[in-house]
Amino acid sequence: EKVTVTGSWGKSADTTADKSGKWNVKLQTPEAGGPYTITLKGKNTIVLENVLSGDVWLCSGQSNMGWPVSKSADPAAEIANANYPQIRSFKVERNPSVEEAADCVGEWAVCSPDTVADFSATACFTGRELHKTLDIPIGLLTSCWGGTCVEAWTPWADQADDSFAQGRKIQLDEKAKSYTPEKAQANYKNQLAKWEKKAAAAKEKKKRAPRKPVLKTDPRLDQNYPGNLYNGMIHPLRLFAVKGALWYQGENNAK
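Bear in mind that the values here come from a model prediction, so they are computed numbers and not experimental data. (Residues numbered from 1 in each chain as written. Predicted model: local features only at pLDDT ≥ 70, side-chain atom pairs only at ≥ 80, totals over all residues. Heavy atoms only, no water.)

**Some thoughts on the pattern of salt bridges**
Proximity of charged atoms lets side chains of opposite charge pair with each other. What counts, and what does not: Here a salt bridge means any side-chain nitrogen of Lys or Arg lying within 4 Å of a carboxyl oxygen belonging to Asp or Glu. In this text, helices come from DSSP runs of H or I with a minimum length of four residues, and strands from runs of E with a minimum of two, each type numbered from the N-terminal end. Between buried and exposed lies partly exposed: a residue is buried under 20% and exposed over 50% of the maximum accessible area for its type, with that area taken using a 1.4 Å probe on protein chains only.
This model, assessed by the stated rule, comprises five salt bridges. R168 is paired through a salt bridge with E151; the nearest N and O atoms lie 3.4 Å apart. Residue R168 is found in helix α4 (residues 163–177), and its partner E151 is found in the loop between β8 (138–144) and α4; the two are separated by 17 residues along the sequence. With its nearest N and O atoms 3.0 Å apart, the salt bridge here joins R220 to D218. Owing to a relative accessible area of 37%, R220 belongs among the partly exposed residues under this scheme.

**Topic: a nonpolar patch on the surface**
Let me state the cut-off plainly: Residues enter patches when their relative accessible area tops 30% and they take part in no salt bridge; the joining distance is 9 Å for like charges and 5 Å for the nonpolar side chains Val, Leu, Ile, Met, Phe, Trp and Tyr. Accessible surface is estimated by sampling points in the Shrake-Rupley manner with a 1.4 Å probe; for residues, cover comes only from the protein chains shown.
Where nonpolar side chains cluster on the molecular surface, the patch consists of W108, F240 and V242 and spans about 270 Å² of accessible area. Along the chain, W108 falls in strand β7 (residues 108–111). What makes W108 partly exposed here is its relative accessible area of 41%.

**Thoughts on the packing of aromatic side chains**
Two numbers describe a pair of aromatic rings. These are the distance of the centres and the angle of the planes. Spelled out, the test is: Ring pairs shown here join Phe, Tyr and Trp side chains whose ring centres sit within 6.5 Å, with only the six-membered ring taken for Trp; geometry is labelled stacked below 30 degrees between planes, edge-to-face above 60, and tilted in between.
By the definition in use, this model includes four aromatic pairs. Judged by centre distance (5.3 Å) and plane angle (80°), the rings of W9 and Y36 are edge-to-face. One end of the pair, W9, is in the loop between β1 (2–7) and β2 (12–16); the other, Y36, is in strand β3 (residues 33–41), with 27 residues separating them in the sequence. On the basis of relative accessibility, which here comes to 23%, the residue W9 falls in the partly exposed class. Taken together, F90, W108 and F240 form an aromatic cluster joined through their ring pairs.

**Considering the nonpolar core**
Cut-off, in case you're wondering: Among buried residues, those of type Ala, Val, Leu, Ile, Met, Phe, Trp, Tyr and Cys that are joined through side-chain atoms within 4.5 Å constitute a nonpolar core. We call two residues contacting when some pair of their heavy atoms lies within 4.5 Å.
W57, C59, C111, V116 and L140 are the most contacted members of the largest nonpolar core, which has 19 residues in total. Per-element tally for this core: the top contributor is helix α3 (residues 121–134), with four residues. With residues near it in sequence (within four places) discarded, L140 still touches W57, C59, I87, R88, S89, F90, W108, A123, C124 and G127. Ranked by size, the runner-up nonpolar core spans 15 residues in total, among them L58, V92, W153 and L229.

Structural data, given as structure tokens:
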């Protein structure tokens, strides 16, 4: 069907969806500010409201980027004063993928005392500084995962000739040959039983419990498999006209 997209700033564009229902149009963006509305009209009509125009930053890396405002210095004051309706954050849900994903899961949140506790502290405080300095809306695309290596965030084609990346991939491919969901489940139950005993002992001694085991997935879906996080958590964002990137990475590649 024919699709027409109209912005409240007076620009519009139309196209015809392909056989699978996919379509793409480009509109000249308005001056920084808003809020604007965007109307999408085919056989039905969808109106996107409270849309801002400004600079969008990609915020990625490992746990340092994921560290939330709620665990930053003086979190109570930071949360109470976080009334910045022109700062928006979109957090990409974790999704390691062996194929390049077309889309991702997440939703935009307006920066406020009700939402900011879960924002990435690095992304939020940098966005706040940019917003104050430039006086324009700031969008933060936060796509991060603690304990991950840079190879996972990089397209495989761009590192296929790197011996270290090859070694990481070969190691996980070898593990995948003997992987079965049944074996993984049995191993998880065994580890969980041991953990429960250790956790109970730690609680009795008023000590911190060890990290709880997690159910292993197919090694080819491991969060450190080269290219996986690029495929599932960066590639879907490729159509955003990002102003720049904040990257907080290092510990997992320190060796």
